[in-house]
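Take a look at the letters that make up each chain.
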Amino acid sequence: MDIKTLLLALALGNLSLCAALFFFAAGARRAGQGAHGHATWARAKQCQALAWCLLYLRGDLPDLLTIPIANAVLFAGFALDAAALWEQAGRRIWRPYLVPALGAAIGVYVAAWLLQLPAGGRIAIGAAASAFFFLAGAAALGRGWRSGSLLHRSLVLWMLVLTAAVLARGVLSLLPDGGRWLNPVAVQAVGVIALYLMMLGNAFGYLLLAREQERGELARLEVVDPLTDVPNRRGFYTALTPWIALARRPGMPTALIILNLDQFKRVNDSYGHTAGDVVLKAMVDVCKKQLRDSDQMGRLGGAEFAILLPRTSLEDASMVAERIRHAVAALPVKAEKAIINMTASLGVTTIRAEDSTVSLFKRADEALQAAKQAGRNRVAEAEVIKT
Ligand SMILES: Nc1nc2c(ncn2[C@@H]2O[C@H](COP(=O)(O)OP(=O)(O)OP(=O)(O)O)[C@@H](O)[C@H]2O)c(=O)[nH]1
C-alpha cells in the first residue's frame, strides 16, 4: 500500500465518522433531544477529514493549501479530539490550555514552512505537535484509570504506544543518516499507519467515555431532581434513613421541615410552565441560603420540598422555617418578563424514636396542612407528645 492510499484511507475514515455523527445528530434532533453533546468531536472529525483530503491532493493543489493550511487544520482536528475526550471525562474547560498550544503548534509549523526549513524539520514539528495533542487526549482517558475496565486501560496504553510511534517518526526524520539504515518510505508508512490506528483508538476512547458518562448521569438522575439539582424523593429518603435510626439513641434530635409553595398552580396557569420552573429553581436557591452545610434539602415532587436539619430542636427548626418563609416572601422572582411574588407554607417536626418514614412524613404533612388552612404563608409545628 503506498502513502497516497493510506492518506486516502485516513480521509475516508474521518469522513465516515463525520457522516455517522451527522445522522446521529439528525436523529437526536428529530427525537427532540438536541445533539450538542458531540459537537466538539464532530468538529474534530470535520477538520481531520478536510486536512487528510488536502494532504492527499498534494501536488494537484498549490503547496500553500496542501502544506501549511492542511497541517494547521490537522493540528486543530487533533486538538479538538483531545478537547472532546476532556469534555467526555467531565472537564469542560479545555480552551485556556489547548487553544494556546494549538496557536503555538501552527505558528512554529508555518514559520518553518516560510523559512523553507528542510522537510525533515517540518515533519518533526508536526510529529511533536500531534504527539502533544494525543498525549492530552490519552491523559483525559487516563483519568479513569483506577476505576477503568481492562478495555479502558488497554486503550490508554494503546494511545501512548501510538503517540510514541508518531514521535519516533518525527525524531527519525531529523537524523541526517536516518534514511541510510531505514527505508524512508517504510518509516513514513509506519507514521501514517500509527495515525490511522490513533483515529480508531480515539474513536473507541471517545465512545467509551461517552458511555461511562451516560451511565453516571442515569445513576445520578435516579436520586437527583434534574430541574433543581437537589435530591429527589428517593435521594432524600436515602439521606434520611440513618437519621431515623439515630433518633432511637439519646442525644440532640433531628428536625424535618416540609415546604410547599402557595398557589403555585396559579404561577403555571398565569405565566406558563417555564416561568414555574424558574420559580422552583429560585426557591431552592433562596432556601439553601438560609441553611447550614450539614442541612439537606430535597424535592418531594411538584412544589413540595423537604429539609432535614441534623442536631436541631423543634424550636430551632421553627426559627429556620420562619427565616425561610420570610426570605421566600421577600424575594420576587424574575421569570418570562414577569416579576412573580411567592409565599410558602411550612410544617415542622422532629424525628421521634418510634418513627418510620411514613409516620414522620404524615406528621410533618399534617403540620403543613394546618399552615395552609390557617391562611398560608406561615409555619406550623407538629403537635408535641406530652410525656
Ligand atoms: N412549572 C412546574 N410546575 C410543576 C412541576 N411539577 C408540578 N408542577 C405543578 O405544581 C402545581 C402544584 O400545585 P399544588 O401544590 O398541588 O397546589 P398549589 O397551587 O400550590 O396550591 P396550595 O398548595 O394549596 O397552596 C401543579 O399545578 C403542578 O402541575 C414542575 O416541575 N414545574
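Conventions and cut-offs
- Residues numbered from 1 in each chain as written.
- Predicted model: local features only at pLDDT ≥ 70, side-chain atom pairs only at ≥ 80, totals over all residues.
- UniProt positions renumbered as here; feature names shortened; annotations may be inferred.
- Helix = DSSP H or I, 4+ residues; strand = E, 2+ residues; numbered from the N terminus.
- Contact = placed C-beta atoms within 7 Å.
- Buried ≥ 20, exposed ≤ 12 C-beta atoms within 10 Å, placed from the backbone.
- Near = placed C-beta within 6 Å.
- Nonpolar A, V, L, I, M, F, W, Y, C, P; charged D, E, K, R; others polar.
- Expected span 1.5 Å × (residues − 1).
- Arc of directions from axis to C-beta.
- Core = buried A, V, L, I, M, F, W, Y, C linked by C-beta atoms within 7 Å.
- Axes fitted to C-alpha atoms, helices over the stretch in contact; angles between N-to-C directions.
- Parallel < 35°, antiparallel > 145°, perpendicular 65-115°, else oblique.

- Identification of the chain as diguanylate cyclase from Duganella aquatilis is taken from an unreviewed UniProt entry.
- UniProt, in the comment section headed Catalytic activity (unreviewed entry), describes the chain in these words: "2 GTP = 3',3'-c-di-GMP + 2 diphosphate".

1. Points about the overall build of the chain
Here comes step 1: For the chain, the count of helices and strands is 13 helices and seven strands.
Here comes step 2: Considering only residue pairs separated by 6 or more positions, the chain has 70% of its internal contacts joining residues 24 or more positions apart.

2. Details of the environment of arginine 376
Here comes step 1: Note that arginine 376 resides in the loop between α13 (357–373) and β7 (379–381).
Here comes step 2: We classify arginine 376 as partly exposed; it has 14 C-beta atoms within 10 Å.
Here comes step 3: Sequence separation between arginine 376 and glutamine 263 is 113 residues, and the spatial gap between their C-alpha atoms is 9.1 Å.
Here comes step 4: What arginine 376 contacts, discounting residues up to four positions off in sequence, is Asp262, Thr343 and Ser345.

3. Focus on the site of the ligand
Here comes step 1: Around the ligand, the structure places 16 residues, and the nearest of them are Asp262, Phe264, Lys265, Gly276 and Gly302.
Here comes step 2: Secondary-structure elements contributing two or more residues to the shell around the ligand are β1 (255–261), α10 (264–271) and α11 (273–289).
Here comes step 3: Here the shell around the ligand is built from residues that sort into five nonpolar, six polar and five charged.

4. Regarding helix α4 (residues 95–114)
Here comes step 1: If you check α4, its first and last C-alpha atoms are 27 Å apart, about what 20 residues at 1.5 Å a residue would give, namely 28 Å.
Here comes step 2: Taken together, the buried positions of α4 are Leu102, Ala105, Ile106, Tyr109, Ala112 and Trp113. Here the buried residues of α4 occupy an arc of 130 degrees about the axis, which is enough to place them on one side. In this structure, α4 carries Pro96, Pro100, Gly103, Gly107, Ala111 and Leu114 as exposed residues pointing more than 90 degrees from its buried face.
Here comes step 3: In the segment just after α4, glutamine 116 is the residue with positive phi, at about 55 degrees.

5. As for the nonpolar core
Here comes step 1: Core analysis: the biggest nonpolar cluster contains 64 residues, and Ala51, Trp52, Phe75, Ala79, Ala82, Leu85 and Phe134 have the highest contact counts within it.
Here comes step 2: At the level of secondary structure, the elements contributing two or more residues to this core comprise α1 (3–30), α2 (39–56), α3 (63–88), α4, α5 (119–142), α6 (150–174) and α8 (184–221).
Here comes step 3: In terms of residue count, α3 provides more of this core than any other element does, 15 residues in total.
Here comes step 4: Beyond its immediate chain neighbours, meaning those up to four positions away, tryptophan 52 contacts Leu7, Leu10, Ala11 and Asn14.
Here comes step 5: Ala255, Leu261, Ala317 and Ala367 belong to the second-largest nonpolar core, a separate cluster that totals 43 residues.

6. As for the packing of α10 against α11
Here comes step 1: As a packed pair, α10 and α11 sit with axes 6 Å apart at the nearest point and diverge in direction by 140 degrees. Compared by their axis directions, α10 and α11 come out oblique. Contacts between α10 and α11 pair Phe264, Val267, Asn268 and Tyr271 from the former with His273, Ala275, Gly276 and Val279 from the latter.
Here comes step 2: For the contact of α10 with α11, the per-class residue count stands at five nonpolar, three polar and no charged.

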